[in-house]
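Coordinates in review
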Amino acid sequence: MPATPEDLFAFLDRFDIAHRTVRHPPLFTVEESRALRGEVPGGHTKNLFLKDKKDKLYLVVALEDAAIELKGLHRTLGATGRFSFASADAMRSVLGVEPGAVTPFAAINDRDRQVSVVLDAAMMRQATLNYHPLVNTMTTSIQSGDLIKFLEATGHPPRIVSVGAAATTQ
């Protein structure tokens, strides 16, 4: 059985990782989540669950407005061939989450360590980061250093690299 948000919170508590969670209506896209800005300070993010030509899985996490060029990302990460999005079935079976709830917190469910977690360097410069806690009806805030601590505790030491450029607003 995949971990529940309560299991996740207990895990965070066990590792002395401070967290704050806000409940809200289901959010499926970055656009929908923009409505939370007044309630939830910190860096808001997007999560891409990808696979390479040999079906190796990657979870790429960046700030919500980062422009990620998928065509060349495989070279940056040393993957085999271009990336495509992993299936919803793979998301459910490996990460234990539904589409719209992808999060680095889902590493808690990847007990076989099939997923390589990649964190964008620009995102990691934010003090506070926000992610769904395994469901898209809540947002949990943690410190960026605690995200690394969490991922290491799950057996997923992250790679921190520049994966995108900040989007420019006109």
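To be clear, the structure that these remarks concern was listed above.
The present account deals with the structure reproduced in this document. (Residues numbered from 1 in each chain as written. Predicted model: local features only at pLDDT ≥ 70, side-chain atom pairs only at ≥ 80, totals over all residues. Heavy atoms only, no water.)

Overall, the coordinates contain 3 salt bridges when judged by the stated rule. Residues Arg92 and Asp89 are paired through a salt bridge, measuring 3.2 Å at the closest nitrogen-oxygen approach. A residue pair is termed a helical-turn pair when its members lie 3 or 4 positions apart in one helix, as Arg92 and Asp89 do in helix α4 (residues 88-95) at 3 residues. The class for Asp89 is exposed, based on a relative accessible area of 57%. Between Glu98 and Arg92 there is a salt bridge, with the nearest N and O atoms lying 2.8 Å from each other. For Glu98, a relative accessible area of 43% corresponds to the partly exposed category. When its relative accessible area of 35% is taken as the criterion, Arg92 is described as partly exposed. (Salt bridge = Lys/Arg side-chain N within 4 Å of Asp/Glu carboxyl O. Helix = DSSP H or I, 4+ residues; strand = E, 2+ residues; numbered from the N terminus. Buried < 20%, exposed > 50% of the residue type's maximum accessible area, 1.4 Å probe, protein only.)

Bringing the side chain of Ser141 into the picture now. Considering the arrangement of structural elements, one finds Ser141 in strand β8 (residues 138-143). Of the polar contacts made by the side chain of Ser141, one reaches the side chain of Asn130; its length is 2.4 Å. Dropping the residues within four chain positions of it, Ser141 is found in contact with Ala18, His19, Arg20, Val40, Pro41, Thr128, Leu129 and Asn130. (Polar contact = N/O pair within 3.5 Å; in protein donor to acceptor, adjacent residues only side chain to side chain. Contact = heavy atoms within 4.5 Å.)

Keep in mind these values describe shape, not function.
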